[in-house]
Structure formats: C-alpha cells, structure tokens
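# Coordinate analysis (summary)
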Amino acid sequence: MSDSLNILDIKNLTIEYSSDDDVVKAVNNVNIVISKGKTLGLVGETGAGKTTTALSILNLVPEPQGKIISGEVFLAGEDVLSMKEKRLLEVRGDKVAMIFQDPMTSLNPIKTVGEQIAEGIRIHSKLNKKDAAVKAREMLELVGIPGDRILEYPHQFSGGMKQRVVIAIALACKPDLLIADEPTTALDVTIQAQVLKLINELKQSYDMSMLMITHDLGIVAEVCDEVSIMYAGRIIEHGSLEDIFDNKMHPYTKGLFDSLPNIEDRRSELKPIKGLMPDPTNLPSGCAFHPRCDYARPECSVEQPKGKKISDSHYIECHLYNETTENKLGGTNE
Amino acid sequence: MIRYILKRLLAMIPVILALTFVVFTIMYLTPGDPTARILGNEYTAEASAILKTELGIDRPFIVQYFSYLGGLLQGDFGRSYITMAPVSDELFARFPNTFTIVIWAMVFCVGVGLPIGVLSATKPNSVFSNITMVISLLGVSLPIFWLGLLLILLFSVNLGWLPAGSMNHGFRSIILPAITLGANYMANVMRTTRSSMLEAIRQDYIRTARAKGVDKGSVIRKHALPNALMPTITVVGMNIGALLGGAVLTETVFSIPGTGRLLVDSIGSRDTPMVLGCLVIMAVCVAISNLIVDLIYAYIDPRIKAEYAGGEA
Amino acid sequence: MAETPEVKTYSTKKDFMKKFKKKSRFMELWYRFLKNKPAVIGLILFITIVLLAICAPLIADYNEVAIKIDMGNRFNPPFTDNLLGTDEFGRDIFARIVHGARISLTIGISAITVSFLLGGALGSIAGFFGGRFDGWIMRAMDVFLCLPDMLLAIAIVAAFGVSTLNITLAIGLAFTPRMSRVVRAAVMSVRGNEYVEAARCIGARNGRIITRHVLINCVGPIIVQITLYVANAILTISALSFIGLGIEIPTPEWGNMLAEGRAAMRQYPHLVIAPGLAIFFTILSLNLLGDGLRDTLDPRLKQ
C-alpha cells in the first residue's frame, strides 16, 4: 500500500498507444511521488510522455488507442486505475484537477464560462444552480476576471483570459492535487508570467500539491520543489531542485540546461542536444538517449541502464554511474 | 435577436423577388400559344386575341411580371388555363398534403438518424456502428421512388399492413410516404451526425469536462452533442429543398394529391399559371426554411449570435 | 568515448535513386486508394457498369431486342430464357437495362460537364477576383439554390419541352449553382498561394493563371464533387423519366422502366426490382468512389 502522506504515488506505470500497425510505449515503468503541499516538475521534450502520465492520474488516457499496461496510481492512498466509475467521477475535479495546455480548445465554445465553472461545483458540492453560479462568479474574480463576465462565451476572451478560466474550473472544488500541463506554453510571453504567478499564489493559498508539466526550466526553478526529467517515456533523472540544478548528473539533463541561452554571457554559444527525439515507434536499443549522448559507451546501446539512487532524493538511470557516484559531467555550469 | 430576425426577413425579400423573376422568366419562355390549347376547336384569331387580353398575356414581359407580382402580394396566383379557377384555390387545397409528408419525413429522418448517429459515434468500433455505416451508405444511394415501390410491394401488397396510397387513412397513410421521402436524408443525417460526433468527442473541451468529473452520458449530451449538432442542422436545412423536390416523386408513387403531383400534372396539361404557382410556393418554402435553420444556428452557437448582434467577434 | 556514427554509402547512382526517389504523387495516391476497400468496390462496380453500357450492342441488339414488342413473350420470370425476365411488352429486361445504362451515363456525364463548364467559369471568376464579382455571382447562385435542383430541372424541361438535349441542359443548369460554389471554394483556398503570385509576377494573364495555376491545384475537391454530382444527375434523369418528364418510352431508361413496370408490379415484382437495382448500384458505385477519392485526396477528413 501507499504512504498516505503522499498525495500522489505512481508505481511502475506503463502505458502503450497502439495505432493500425504500431505500438508505442508512451510511458515506460514510471515512478512518481508527490508529498503533501509539494510541487513536482515533470520536464521533458514534446512527446516524452508527460501528458499521458498526467492523464493516467485522472484515468483519462484516451481509449481505445491508449492502454495502461501495468502499474498503480495512488491518489491519497487510493488506486485510481482500479477505481469504480462512480468513485472516479467523485475524484475527478474534486480530489485532482487539471489545467490543460491549450486554453483555446479546452473550453466548450457554446457554453458560457460561468456554466463551465459551475458545472464542476454542482457535481461535487451539491449546491443548487443559483449558489453554484455565485461560487463560479467568486472563482472568476479569484483568477482576476471581473465577475460580470460570467455570462460571456469563451470566444469573447483572449488566450490568457481563457487560461484563467481553465484555472478557475480546475480550482473550483479546491482539489488536493493540481496537475498543470504546460499551462503557459500556448500563451504570449507577457501573459505567461502572470498566469504562472496566479497558479503559484493559488497553490499556496489553497495548500495544494501540484504536478507541473513543462519543458521550461525557468518555470521549474520558480515553482517546483522537486524535478523529474522524462525522456522517451522514462524518468531518467529525479531529484530535488538543488539536485537537478546544481548537481545534475544525466547527460540529457545537462543537455537541457546547455540548450538554454545564457543571459549573463551573450557571446557564449548555445549547445543544443544533437539529433532529434527518437521515433517513438522505433526506439533505440538500450538507453533510448544513447545515439544523442556525448558520453555514450558500448553498453549503452545494448542494455537499458538500471535505476540508481545517488542520495535520498536523487535518482538516475544512466550507465555512466554504474560503478561510482562521482559526477562525471565535470562540475556544473551555474 | 429580434433585430436579427427582422434583418433576415428583410434580406429574404430580394431573394423571393429574384426567385419569382427567375421562375416567371422560365415559364414565360414556354413555347406555344396557350390560347390555342384553351380554345381548342373554337380557336379563331379574334377569340384568341380577346382571350389574350383577358389573360393579360398580350402585354410586354415586364408589365406581366409586375402585375403577377402585384397579384402575389395579395395572394392572387392568377387563373388556371385549364379550369379558369384561381390557382390559389387548388394550390392551397393541395399544399397541406405535401406539407404533411415533408414534415413527417423530417421527423423520421431526424428522429431516427440523429440518435442512431450519436449512438454509433459513442461506440465507434462496435458491430452496431459498422452496421449503421453500411446502412447509411446504402441509404444515401437509394432512389426514393424505387424505395417507395418496394415498400408498397412489401407492406401493402404482401403483408397488407399499410395502405399503398392516398391520404384517406389518417396517419397510417402517411407512414410509407414519410419513410420513402425521408430515407435518403435519414441516411445523410445519420452519417453527418456520426462523423461530427466523432469529431466533437475528440475535442479538448470534452477532456476538460471529463476532468471535472462529469459522467460519460452527460459529457455526450451536454458537451459533445450541442457542438456536433451544427453540421446536422446544416444537412437538414440544406435538404428541405431536396425534400420538396422528392415530394414530387413520393406523391407520384403514392398517388397523393399534393403540390408536387399538381406541378407534374400541370406541366403535362401546359397550365403555366399553375406550374408557376407550384414553383413559387415551393421556392418560398425553401427560403423560409433556410431562414429557420439560420435562426436555430444563431440560437445554438453564441459565436454566430454575436456576429449578428453586430458586436465584437 | 562516443562512437563514430556509421556513414552509409551508396555505391551507384541507381542504388541511391532507389533509396531516395519518392514514389510519384500519383502512384502514392493510387496505393492509398487501393487500401480503401469500399472505394475499390465502388470503382470495380462502376467500371463494370460502364463496360456493360459500352458493350450493350454486343449483348443485345437495340432494335431487335431492346425495343421490339413481342406479345407472345410477356412477363417471363427472371433466370429463364431471359436473364432478368421480360416486361409487359415481351421485351428482355436485361437488354433494356444495359441500353438504359448508355443513356443514363451519357446524359449524366454530359449534364455534369455542362454544369462544370458553366459553374466552373462562374465559380472561378467569383473565387479568383473576389469583391464585387464574387458578391453578385454568389448572390445570384443563392437564389437558384432556393429552387431544389429537381424542381429547377422540372421547370426547365417544362419550359423547353422534353428531349434528350433539353434534359441534359436542364440537369446541367440545375447543378450549376452548386458546382459554382464548389469551384469557388476550391479556388479561394489556393488563390493566395505563392505560385499564383509568382505567375502574376512573370506577367501571366488572369485567364491563364486560373486555368494553368489555380484550377489545376484544386482538382482534388472538384473531382470528388463531380463524382458525387454525376450520381445525382443520373438519379435526376431517372426521376424525371419516372414522372414522365424525362426520356420517353419506348426508349429504355431505368426511370421510365420503373414507371411502366409499376402497373403490373403486384403480380410481377421483377418489373420494378431489376431497373431499380440498376439505378441503385450505379449511384452506390459513384458514391463509394466519391467518398473514397475524398479520403484518398484528403486523408485528414477520414473518419
């Protein structure tokens, strides 16, 4: 069973997507733990399996293409994947809620934002229509939108405003765990900071735990307590914010940081990770990262590296650290 | 909303004017001398000239058109060349029959096509779904006049369950004509609903709703269906004209005294004012139903409503 | 520590081409089409019908079999001496159906050609130039669209009288408004593309740009619609003949065969079943083909 102090405990989760003739392991033996009140950053490139992992927490992996092969997802001690439909409906939106990536398409175009916020409230709090509307109005104001706009439709809002509405929907029932799936990716740069700040403030005041999915390390630095780095369906490095930022060990993690422009030294060259994300239907043998890895060794293309605990908080999957925990990447670039 | 309806009603006027003009022109071009047919053996040059003046067909085209239009505004469709009785009498006596079967055909095509389309989309890989796909594919290819004959053979001749024609048996006599007339469109509605539902179910806002804890049934009913209805309404709306066209065939198959049958008979007897009347009344019906469809659109989709309010997009 | 990436070498030019030359666009589409089972069934069905129509004189002589009255041979049941039986005048129904196919296909295809020439011209002018042209042409077409094409065809036939030419023109004109909308939409979707700008820059005339650069690039959706419209046109011919405003007896046409067979269908159902099936399979084949082409040319739309 799971430790009930952990709001989320994902154990050995494996999810496959199958199309006509291909099977893709989107999520491969993933373990994630979030303790109460903490924020975990799930970082990785597009297609690494972050969103699929998140959807499994709501048991909303799109069927029939997506299939959960194995694993358990404990939400406050209860396994979401083996829940009855009725209990699942109680949990979704109430215990765990999700902010989606694209606010443009995440709202129903033909319902007022008020109806959409109130819908979740009515399901979980048994309020009548009128009280739910009052509550929805409060939520709208909470995310910084004038309450009078409750009767307006999504097309009357800008992208940033829509994302605020999506946040209001997610927070309407004060969930214990908030999943934010790249909540700022689809927004203008100037709006991104505002939305991020809003999420962070609300998280504090509601005392929620959060899973922040992103590929932006800046966001991670700002909001997260812990970080998991995901590559091709696997978590290849996990650690506290300090572990990852100051003592990163996996070559991929290092690559991610090297790809960031350095504001202090503008003449320094960007060092992008060479190559592209592998074709998910045809992953490289052994460690999926080895064709792009500067430190690849012969065994990397043969054998999947085993996970290794570097410290209580720091976990890594890489052949480089088989014999020793000494940092092979030569210091940090901080 | 009321302003929008008024606006649309005003916009209909030039359409109806143009329609009557087109139909009038086509009919005006009909070769042959109508007086010769009316007078028959009593035809003389003088009698013909007198009759032409009486009918007003010796006047220039444009004058004839405007006098016809003036008549229309007062509900006067002219007089039949055959019976010399007002066209409107015959027209309004017959029109309710056509209207009845068209409405029931619509009820049939929406009442059957829509729910089956929705169900089939919610279980996209099931046997049921595949069967509905095949049925809808066959359904859109069925010549309805043939289907009518087959239905008569089966249900009237062999089984003796339903009457084969006329409108004298109450609702029982409407069943076969309505199914016949609606068959193509039922298949069409089924297909459209299915594919637009499949499309709607894939949308992100469906996931948002499910993440809120909305149960599957409500997600379909409250979120997917209203969005998926738009293409279905378009199909139904666009097909009202085709239904009226199909009514001509259905009335022929089932010997129903409706406007469609009247049109064909009048063409046979070269009764131009009657033909004109039938075409005008059907065209006006289509124009009105297009308006209704647009209003339903605006009612369902706030984005369209906003456009008409003249407000921000 | 990193391995040297393996460098692939190609010994001959031929080898290289084999590896990298793309299949031609047409072949690629053809393979995609072949994967679509209903579409292939539609194509085979349609080719069969076309072949039957072309070979009709070899199957049965028009004057001696298809329209010759033989009162001694009335109402023969199907699958005897006559494959599909004989009608109330002792004529072989199969012979009449294959000769009827010639008429339906010829009129159907010529009518749609008429509507394509007319509607295509109007639609491409409206779509290419936009603005006032577009407004006027489309408003006029909207008026015609208020008249169901069946009724418009009936009106035109009524005005000009029943003849093969008039029926072709009537159906062609009746389909013009819809065709112009399809062409307009297709033209508008490629109008802004850069190769059109490029053609304009090198001084090509508008007419040339429309035919050589614009229309050629919106062939896909237009072909799909043409296929479906031919089906509709054939259906309309039969419908007109069925109500007595189309092809006149004794010329065999599926619609008038149904109308003739109606009187005796209670005793001899084969009189109406066979011609109806002929219409049904023709429409079905074209619908399958049209849907298949749409999926092939625009796979995104596939459900």
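Structure shown above.
Here's a quick rundown of the structure. Keep in mind the model is a prediction, meaning the values are calculated, not measured.

## Quick word on the overall build of chain C
Check the secondary structure of chain C and you find 14 helices and zero strands. Listed by position from the N terminus, the elements making up chain C come as α-α-α-α-α-α-α-α-α-α-α-α-α-α. The buried share of chain C, reckoned over its 303 residues, is 48%. Contacts spanning at least 24 positions in sequence make up 71% of the contacts within chain C whose residues lie at least 6 apart. For chain C, the accessible surface area stands at approximately 15,500 Å², while carbon and sulfur atoms represent 63% of it.

## Topic: the overall build of chain B
What chain B contains, in helices and strands, is 13 helices and zero strands. Along the chain direction, N to C, the helices and strands of chain B fall in the order α-α-α-α-α-α-α-α-α-α-α-α-α. Its C-alpha atoms put chain B at 85 × 60 × 30 Å along the principal axes. Within chain B, the fraction of its 313 residues that count as buried is 51%.

## Some words on the interface of chain B and chain A
Each partner contributes to the interface: chain B provides 21 residues, whereas chain A provides 26 residues. At the boundary of chain B and chain A, one finds one salt bridge. The partner of Glu-119 of chain A in a salt bridge is Lys-212 of chain B, with the nearest N and O atoms 2.9 Å apart. The interface formed by chain B and chain A contains ten residue pairs in polar contact (both at pLDDT 80 or more). Within the residue set of the side of chain B that touches chain A, elements represented by two or more residues are α9 (204-211), α10 (216-253) and α13 (302-308) of chain B. It is α9 of chain B that contributes the most residues to the side of chain B that touches chain A, six residues altogether. Taken together, the residues that form the side of chain B that touches chain A break down as eight nonpolar, five polar and eight charged.

## Let's talk about the sheet that holds strand β9 (residues 226-231) of chain A
Residue and element names in this part refer to chain A. Taken in spatial order, the eight strands make up an open sheet running β6-β7-β8-β3-β9-β10-β12-β11, and their pairing is mixed. In this open sheet, the two strands that pair with only one neighbour each are β6 (96-99) and β11 (307-309). Recorded for the sheet is a direction-independent mean angle of 20° between the axes of neighbouring strands. Two strands pair when backbone bridges link them, and strand β10 (residues 234-240) and strand β12 (residues 315-317) are joined in this way by two bridges, in the antiparallel orientation. Paired with Glu-237 across the strands is Ile-316, a residue of β12.

## Looking at a nonpolar patch on the surface
Residues and elements named next belong to chain B. On the surface, a nonpolar cluster with roughly 470 Å² of combined accessible area is contributed by Phe-99, Ile-103, Trp-104, Val-107 and Phe-171. Tracing the sequence through the fold places Phe-171 in the loop between α7 (144-158) and α8 (172-201). Of the residues examined, Phe-171 reaches a relative accessible area of 47% and is grouped as partly exposed.

## As for a positive patch on the surface
On the surface, Arg-122 and Lys-129 of chain A together with Arg-221 and Lys-222 of chain B cluster together into a patch of positive charge. For Lys-222 of chain B, the position within the fold is in helix α10. The exposure class of Lys-222 of chain B is partly exposed, given its relative accessible area of 40%.

## Focus on the interface of chain B and chain C
At the interface, 46 residues of chain B touch 37 residues of chain C. Approximately 3,600 Å² of surface area, both sides summed, lies buried where chain B meets chain C, with 81% of it carried by carbon and sulfur atoms. It is Phe-145, Trp-146 and Leu-149 of chain B in chain B that bury the most area against chain C; as a group they hold 17% of the surface buried on that side. Counting the contacts that link chain B with chain C gives one salt bridge. Put simply, Arg-191 of chain B and Asp-291 of chain C hold a salt bridge, and the shortest N to O gap is 2.5 Å. Taken together, the connections running from chain B to chain C amount to five residue pairs in polar contact (both at pLDDT 80 or more). Elements with a minimum of two residues in the side of chain B that touches chain C: α1 (2-28), α6 (127-141), α7, α8, α10, α11 (259-268) and α12 (272-300) of chain B.

## Some points on the nonpolar core
Ranked by internal contacts, the top residues of the largest apolar core, which has 147 residues, are Met-27, Phe-145 and Leu-263 of chain B together with Ile-154, Leu-240 and Ile-243 of chain C. Broken down by element, this core gets its largest block of residues, 14 residues, from α12 of chain B. For Leu-240 of chain C, the contacting residues outside a window of four places in its chain are Met-150, Ala-153, Ile-154, Val-157, Ile-167, Ile-171, Leu-245 and Gly-246 of chain C. One finds Ala-97, Ala-172, Ala-180 and Met-208 of chain A within the second-largest nonpolar core, a separate group that totals 58 residues.

Cut-off values and rules
- Residues numbered from 1 in each chain as written.
- Chains lettered and ligands numbered in written order.
- Predicted model: local features only at pLDDT ≥ 70, side-chain atom pairs only at ≥ 80, totals over all residues.
- Heavy atoms only, no water.
- Helix = DSSP H or I, 4+ residues; strand = E, 2+ residues; numbered from the N terminus.
- Buried < 20%, exposed > 50% of the residue type's maximum accessible area, 1.4 Å probe, protein only.
- Contact = heavy atoms within 4.5 Å.
- Areas by Shrake-Rupley, 256 points an atom, 1.4 Å probe, with all protein chains shown as cover.
- Salt bridge = Lys/Arg side-chain N within 4 Å of Asp/Glu carboxyl O.
- Polar contact = N/O pair within 3.5 Å; in protein donor to acceptor, adjacent residues only side chain to side chain.
- Nonpolar A, V, L, I, M, F, W, Y, C, P; charged D, E, K, R; others polar.
- Pairing = 2+ DSSP bridges.
- Axes fitted to C-alpha atoms, helices over the stretch in contact; angles between N-to-C directions.
- Patch = residues over 30% accessible without salt bridge, like charges linked within 9 Å, V, L, I, M, F, W, Y side chains within 5 Å.
- Lys, Arg positive; Asp, Glu negative; His and termini not counted.
- Charge placed at Lys NZ, Arg CZ, Asp CG, Glu CD.
- Buried area = accessible area lost by both parts, 1.4 Å probe.
- Core = buried A, V, L, I, M, F, W, Y, C linked by side-chain atoms within 4.5 Å.

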